[in-house]
Amino acid sequence: MLTERVPVGLMSSVVAPQKPTSNAMGPKEVELILVKEQNGVQFTSTTLVAPTPTQTNPSGEEERETWGKKIDFLLSVIGFAVDLANVWRFPYLCYKNGGGAFLVPYLFFMVIAGMPLFYMELALGQYNREGAAGVWKICPIFKGVGFTVILISLYVGFYYNVIISWALFYLFSSFTGELPWVHCNNTWNSPNCSDWADNSSVSDLDKVTPAQEYFERGVLHIQDSNGIDDLGRPRWQLTSCLAVVIVLLYFSLWKGVKTSGKVVWITATMPYVVLTVLLLRGVTLPGAIDGIKAYLSVDFLRLCDAKVWIEAATQICFSLGVGFGVLIAFSSYNKFSNNCYRDAIITSSINSLTSFFSGFVVFSFLGYMSHKHNVALDKVARDGAGLVFVIYPEAIATLPGSSVWAVIFFIMLLTLGIDSAMGGMESVITGLIDEFKFLHKHRELFTLFIVVATFLISLFCVTNGGMYVFTLLDHFAAGTSILFGVLIEAIGIAWFYGVDRFSDDIEEMIGQRPGRYWRLCWKFVSPCFLLFMVVVSFATFNPPNYGSYMFPPWANMVGWCLAISSMSMVPLYAIYKLCTLPGKFCDIKYSVLFSSFSLL
């Protein structure tokens, strides 16, 4: 017989033991009596032992830092969730999928899946006070999903920072008397360049606008590359902008939430100021009302199209930011008694309202472009980078004082991108330093290592063929893999840790048990929704392309390896955990199944 005393948080098990009924929030120790038998090791008796009061946690470390103010946390979550996709993705989806009718499936999926998953991640991080990997001490066999979301956030950082560097490049280029994307007489222009004033160019597929050529030939220099196998060297202009972005990220994150919580006061609020200013200017332009009418026009017949519902579900999955580990990391720095339920409702609602509000800004200018050039709205309406780096700059260039409006617009893009990038970086940093405790004392150096590594990989995206690398990363880094990660996360919480135990945790924090609606969503609705989305993602997969360029087979293989590398963390860690537990494998397997499903 062997007697050993260990902290609860350090126990190695497949599912965490049942919590004591006491509501005390301090750490407890359990005296374990282990009996060695022929078939392995079994726990036969436990006794709670009150530890000596201390200012440290069970690991012997200092207490976890918390946000300076509650508003710091709220602004950080809002700043992360509200990103560039709110401006360039949602308005276009709404326009092409029935206008106001698109809000029906969007709000439906928001209520049954978006908000419950958002609430779940905030509560999970706040109760366990760990990053994306460390929170799975409640069910260690699922810790692999924590490493999955950390890897996804890291991969996204490789190309997301490049978008911010584009915005910074445009910002610097706007400090001039005449914007460089107005005419076709620049060194980067091709013979195909044609101003909108030449109406014949609208129907000529070989003609391109000065704004489009500025983005592709003046900024990206894609004309100097023949494809992804011909990248060339990094361009010093974009490399310099990328370096500035990396420096901004480092000094925003190096001291943890104490510094990032102050930065978001600017980065999270500035976009709302600029969007409001742009809307007030936009609605005064000729044709703006027609654009807004097209944005809001209701076509309920479009709801009979399954693709509309799939796109609404996809938008919900990605717009709220679940599955990146950011919400878990941010909420882990909350006070234990913080009302995470109220935070989830407020921040997720603000995110959706921002998407809807930005549509008025976007389509007021698109309506103006349609009116000015006497073309149909669908000729100028587009989503993605083409909207914010081609169409919108082109519209701004026609306004009086265009340079001032351009500076305002690209400052908005810069702030939209920075706080989202900060969130992704914080997910990686918090997740790893909480898992590897020795890194806590070296946060500044570890943060420097992460941002420098990200910068070096991102250099591939600022070469002449960098847009091809960017497209490949965007297609594979956070598509199916993030849906898979959130699915496993939901299954781990609802079916292995148990909805009842999770509800007990929330009640211990905020004094209010989640209602039956939330518990049903966590246990049945959200997992089924996510499973459906994973299946649809595989079924509707199309190889990436950039315009008419199709990626070679080897590039698609690299992309799939990238996606699988993050998803594989789930089974690999589960196998590792099973192999390192004491006892014979068949006995462990039985114990895993019994202890897991006995919690249901």
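Within every chain, residues take consecutive numbers counted from 1 along the sequence as written. It should be noted that, the model being predicted, local features are given only for residues of pLDDT at least 70 and side-chain atom pairs only at 80 or more, the latter also being counted only at that level, while totals for whole chains, interfaces and linings use all residues. Hydrogens and waters are ignored; side-chain quantities use all the structure's heavy atoms.

Identification of the chain as Transporter from Seriola lalandi dorsalis is taken from an unreviewed UniProt entry. According to UniProt, the comment filed for the chain under the heading Subcellular location (unreviewed entry) is "Membrane". The Sequence similarities (unreviewed entry) comment attached to the chain in UniProt states, word for word, "Belongs to the sodium:neurotransmitter symporter (SNF) (TC 2.A.22) family." UniProt positions are given in the numbering used here, feature names are shortened, and annotations may be inferred rather than shown by experiment.

(A) Spatial organisation of the overall build of the chain. Strands here mean DSSP runs of E at least two residues long; helices mean DSSP runs of H or I at least four residues long; both are numbered from the N terminus. Secondary structure summary: the chain contains 22 helices and five strands in total. For each residue, the accessible area found with a 1.4 Å probe, counting protein chains only, is set against the maximum for its type, and the residue is called buried under 20%, exposed over 50%, and partly exposed in between. Among the 600 residues that make up the chain, the fraction classed as buried is 57%. When the accessible area of the chain is evaluated, it comes to approximately 25,400 Å², of which 64% is carbon and sulfur surface. Note on areas: Shrake-Rupley, 1.4 Å probe, and residue coverage restricted to the protein chains presented here.

(B) A look at the side chain of Ser 526. Relative to the elements of secondary structure, Ser 526 occurs in helix α19 (residues 516-539). Assessed through its relative accessible area of 0%, Ser 526 is described here as buried. Residue contacts follow a heavy-atom distance rule, with two residues in contact if any of their heavy atoms lie within 4.5 Å. Those residues within four positions of Ser 526 in sequence are excluded, and the remaining contacts are Ile 112, Ala 113, Pro 116, Leu 117 and Cys 521.

(C) Focus on a nonpolar patch on the surface. A cluster of nonpolar side chains, Leu 445, Leu 448, Val 452 and Leu 456, forms an exposed patch at the surface whose accessible area comes to about 350 Å². Since its relative accessible area comes to 59%, Leu 445 is described here as exposed. Patches draw on residues past 30% relative accessible area with no salt bridge. Two like charges within 9 Å are joined, as are two nonpolar side chains (Val, Leu, Ile, Met, Phe, Trp, Tyr) within 5 Å. A pairing counts as a salt bridge when a side-chain nitrogen of Lys or Arg comes within 4 Å of a carboxyl oxygen of Asp or Glu.

(D) Structural view of the pattern of salt bridges. Under the counting rule described, the total for this entry stands at 13 salt bridges. One salt bridge in this structure joins Lys 262 and Asp 72, with 3.3 Å as the shortest N-O distance. Linking Lys 262 in helix α8 (residues 257-267) with Asp 72 in helix α1 (residues 70-81), this pair joins segments that are 190 residues apart in sequence. We classify Lys 262 as partly exposed; its relative accessible area is 45%. A relative accessible area of 0% means that Asp 72 is categorised as buried. Between Glu 130 and Lys 437 there is a salt bridge, with its nearest N and O atoms 3.3 Å apart. Of the two residues, Glu 130 sits in the loop between α4 (103-128) and α5 (143-173) while Lys 437 sits in the loop between α15 (402-435) and α16 (443-458), which places them 307 residues apart along the sequence. You can call Glu 130 buried: its relative accessible area is 12%. Given a relative accessible area of 29%, Lys 437 falls into the partly exposed group.

(E) The arrangement of the nonpolar core in detail. Core analysis: the biggest nonpolar cluster contains 193 residues, and Trp 166, Phe 389 and Leu 413 have the highest contact counts within it. Among the elements that take part in this core, α5 stands out by supplying 19 residues, more than any other. Not counting residues within four places of it along the chain, the set of residues in contact with Phe 389 comprises Trp 88, Ile 163, Trp 166, Ala 167, Tyr 170, Ala 211, Phe 215, Phe 410 and Leu 413. Put simply, a nonpolar core is a bunch of buried Ala, Val, Leu, Ile, Met, Phe, Trp, Tyr and Cys residues held in one set by side-chain atoms that sit within 4.5 Å of each other.

(F) Just the packing of aromatic side chains, in detail. Between the rings of Phe, Tyr and Trp (Trp by its six-membered ring), a pair exists once the centres lie within 6.5 Å; its type follows the angle of the planes, with under 30 degrees stacked, over 60 edge-to-face, and the other angles tilted. In this structure the tally under the stated criterion is 56 aromatic pairs. Ring centres of Tyr 295 and Phe 363 lie 5.2 Å apart, and the angle between their planes is 15°; on these two criteria the pair is classed as stacked. Here the residue Tyr 295 occupies a position in helix α10 (residues 288-296), and Phe 363 occupies one in helix α13 (residues 340-373), the gap between them amounting to 68 residues. When the ring of Phe 365 is compared with that of Tyr 392, the centres are 4.8 Å apart and the planes differ by 40°; the resulting orientation is tilted. With a gap of 27 residues between them, Phe 365 in helix α13 and Tyr 392 in helix α14 (residues 385-397) connect regions that are remote in the sequence. Criterion for a charge above a ring: Lys NZ or Arg CZ within 6 Å of the ring centre, and within 35 degrees of the ring normal. Over the ring of Trp 254 we find Lys 255, and its NZ or CZ is 4.8 Å from the ring centre. In this arrangement the basic side chain of Lys 523 is found over the ring face of Trp 495, its NZ or CZ atom lying 5.2 Å from the centre.

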